[in-house]
Amino acid sequence: MFRNTSPILRIASIGAGVAAMSFFMAAAFGTARDTLDLNADIKQVVEQLSPPVLEPIEGSANSLTREIVIQRGDTLGSLLTKLDIDTAEAERFLRQDKSAAAFARQLVPGKSFIARIDTNGELESLVFPSNGENSKALVVQRTSEGFAARTDALPLATRVALKSATIRHSLFGATDEAGIPDAVAIQLVDIFGGDIDFHRDLRKGDRFSVIYETTDHLGKPIGNPRILAAEFINDGKTYRAFWYQPIQGPGGYYTENGQSLKKAFLRSPLEFSRITSGFSNARYHPLLREVRAHRGIDYAAPVGTRVKATGDGVVDFVGIQGGYGKVVMIRHSGNRTTVYGHLSGFAAGLRKGARVSQGEVIGYVGATGLATGPHLHYEFRVAGVHRNPLSIALPAAAPLPDEQLAAFKVTAAEMASQLAMARDIRIALLD
């Protein structure tokens, strides 16, 4: 429980033949050294850390600690009833106190909270991680004058995992087999999507290795993991990416030579989907029953799938327009325009003239307009002329400045050696 003031122990699992993890440099990557996760012989190294920053929670030595997982349909009253306590006082405070009221507003199924109950069956304290702030928690504490609420920092543990996988059927199948979170697979698509068409170019036997960072609270993931370095071998060609966070400005992914992997446009507006109709000058339209040009790409996806802006720009149109149904049109620099049609709805607050960023959710897949089923129709235009978004060359962002390049290259080389080690171990295990 959070009152424990004894030092925390951090365990790093280090694969056979792996040197000390000195490559996790805080200056370049802003990470902590933690867990190297490999399917190989391991040994444990125990390191003593400082206590967490969460303030102590007062309570009796004989109090009982319980963790409650929120289920669908749970209410504030039903959750307090599960604690077998006198609910009236606690429920009244949680509903009326301005700070504590966040508890009742954030009852998300699957989320959990921790309660401490004294020997008289009364609530001593309650700790509830905040939505949207992964490092914060609402703490409700009984005092001599009644309950009081405050926001504290959660004790978090950072873990770094190194894993490798081989594609047999699909990217997500490979990540599932290797125990890699889906969020990491989605990041791989975003990082390498400008060079690899994950809809068409994946081959059986393609391999990838990834170093990613996760943050845990009491052994449970908090927030999404972040890739620190990755290698993807597609059809015999190797691609590598390394996360770099400069002292000033946003972080990004770069090649070993400091070239940015960020493109001015994402290759696809969906995280992952299946192409049902490609760019063509002569395609038979199933509804109009005639051959006509299809100047875009159709992606099959369930209704409600998030649609992302493929580049920074300004919304030129949002609404209903002819065969497009519900559609968003975005104007970008360089006289470029992207179109997202057949949507079921738009992102909250989206309007004409609004500025959007690359990767921002602008709408949701639907089947409005001339559509035979749920899918996204995506177009890419340059000076009003339709271009094939799957084959057009996408300009890259600016490379790292010269004054940061030397330090980046040293760290990237060390990370690359760890990626190679993971790849080699994976191959050895398969053999």
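Predicted model, so just to flag it, every value in this text is computed and none were measured.

J.: I'd like a description of the overall build of the protein, backed by residues and values.
T.: Summing up its helical and strand segments, the protein has seven helices and 25 strands in all. Relative to its full complement of 431 residues, the protein shows a buried share of 47%. A separation of at least 24 residues holds for 64% of the contacts in the protein among residues at least 6 apart in sequence. Carbon together with sulfur atoms contributes 49% to the accessible area of the protein, which is approximately 21100 Å² in total.

J.: Report on the confidence of the model for the protein, specifying residues and quantitative values.
T.: Per-residue confidence for the protein gives a mean pLDDT of 76, with 76% of residues at or over 70. Confidence drops under a pLDDT of 50 for residues 1-60, and excluding neighbours within four residues, the segment shows 138 contacts in the predicted structure.

J.: How would you summarise the pairing of strand β24 (residues 375-382) if you had to cite specific residues and measurements?
T.: Of all eight residues in β24, seven are buried, a share of seventy percent or more. Sheet analysis places strand β17 (residues 297-300) next to β24, joined by four bridges and oriented antiparallel. Bridge pairing in β24 places I297 opposite Y378. Both strand β21 (residues 336-346) and β24 contribute to a ladder of six bridges, which runs antiparallel. Paired with T338 across the strands is F380, a residue of β24. For β24 and strand β25 (residues 385-387), the ladder comprises three bridges, and the chain directions are antiparallel. If you follow F380 over to β25, its bridge partner there is R387. Here β24 folds back onto β25, and the loop between the two strands holds two residues, one of which, A383, carries a positive phi near 55 degrees.

J.: So what's going on with the pattern of salt bridges? Residues and values would help.
T.: Using the criterion set out here, one finds ten salt bridges in the structure. Taking the shortest distance from any N to any O, the salt bridge between E256 and R240 comes out at 3.0 Å. Highlighted residues: E256 in the loop between β13 (252-254) and β14 (274-277) and R240 in strand β12 (residues 237-244), separated in sequence by 16 residues. For E379, the salt bridge is made with R381, and the minimal N-O distance between the two is 2.9 Å. The same class applies to E379 as to R381, namely buried.

J.: Hey, could you go over the sheet that holds strand β5 (residues 123-129) for me, with residue numbers and the actual values?
T.: Strands sit in the order β3-β4-β5-β6-β7 across an open sheet of five strands; the sheet is antiparallel. Every interior strand has two partners, whereas the edge strands, β3 (64-69) and β7 (146-153), have only one. Direction aside, neighbouring strands of the sheet carry axes that sit 20 degrees apart on average. Where β5 and strand β6 (residues 136-143) come together, five bridges link them in antiparallel fashion. Bridge assignment links V127 to a residue of β6, and that residue is V139.

J.: Kindly report on the packing of helix α5 (residues 171-178) against helix α6 (residues 182-192), identifying the contributing residues and their values.
T.: Here α5 crosses α6 at 140 degrees, and the two axes come no closer than 9 Å. With respect to their mutual orientation, α5 and α6 come out oblique. Regarding α5 and α6, the two cross each other, and that crossing is right-handed. Together, L171, F172, T175 and D176 of α5 and D182, A185, I186, L188 and V189 of α6 make up the contact between the two elements. The residue makeup of the contact of α5 with α6, split by class, is six nonpolar, one polar and two charged.

J.: Account for the nonpolar core, naming residues and giving values.
T.: By size, the foremost hydrophobic cluster in this structure holds 44 residues, and its most contacted members are L171, F192, F208, I227 and F232. It is helix α7 (residues 402-430) that contributes the most residues to this core, eight residues altogether. Ranked by size, the runner-up nonpolar core spans 23 residues in total, among them I297, V315, A354 and I392.

J.: How would you summarise helix α3 (residues 87-96) if you had to cite specific residues and measurements?
T.: For α3, the set of buried residues is A90, F93 and L94. With its buried residues spanning 95 degrees around the axis, α3 presents them on a single face. Tucked inside the fold, the buried residues of α3 contact α2 (76-82), α4 (102-105), β5, β6 and β7.

J.: An account of the packing of aromatic side chains is needed here, citing residue identities and associated values.
T.: A complete count under the given rule lists ten aromatic pairs for this structure. A centroid spacing of 5.7 Å and a plane angle of 40 degrees characterise the contact between F93 and F147, whose relative ring orientation is tilted. Here F93 is found in helix α3, whereas its partner F147 is found in strand β7, with 54 residues between them in sequence. F147 matches F93 in its accessibility class, with the two residues each being buried. With a centroid separation of 5.5 Å and 85 degrees between ring planes, the pair formed by Y244 and F408 is classed as edge-to-face.

Reading the values: the criteria
Residues numbered from 1 in each chain as written. Predicted model: local features only at pLDDT ≥ 70, side-chain atom pairs only at ≥ 80, totals over all residues. Heavy atoms only, no water. Helix = DSSP H or I, 4+ residues; strand = E, 2+ residues; numbered from the N terminus. Buried < 20%, exposed > 50% of the residue type's maximum accessible area, 1.4 Å probe, protein only. Contact = heavy atoms within 4.5 Å. Areas by Shrake-Rupley, 256 points an atom, 1.4 Å probe, with all protein chains shown as cover. pLDDT = per-residue confidence, 0-100. Pairing = 2+ DSSP bridges. Salt bridge = Lys/Arg side-chain N within 4 Å of Asp/Glu carboxyl O. Axes fitted to C-alpha atoms, helices over the stretch in contact; angles between N-to-C directions. Parallel < 35°, antiparallel > 145°, perpendicular 65-115°, else oblique. Left-handed = near helix turned anticlockwise from the far one by under 90°. Nonpolar A, V, L, I, M, F, W, Y, C, P; charged D, E, K, R; others polar. Core = buried A, V, L, I, M, F, W, Y, C linked by side-chain atoms within 4.5 Å. Arc of directions from axis to C-beta. Phe/Tyr/Trp six-rings, centres within 6.5 Å; stacked < 30°, edge-to-face > 60°.

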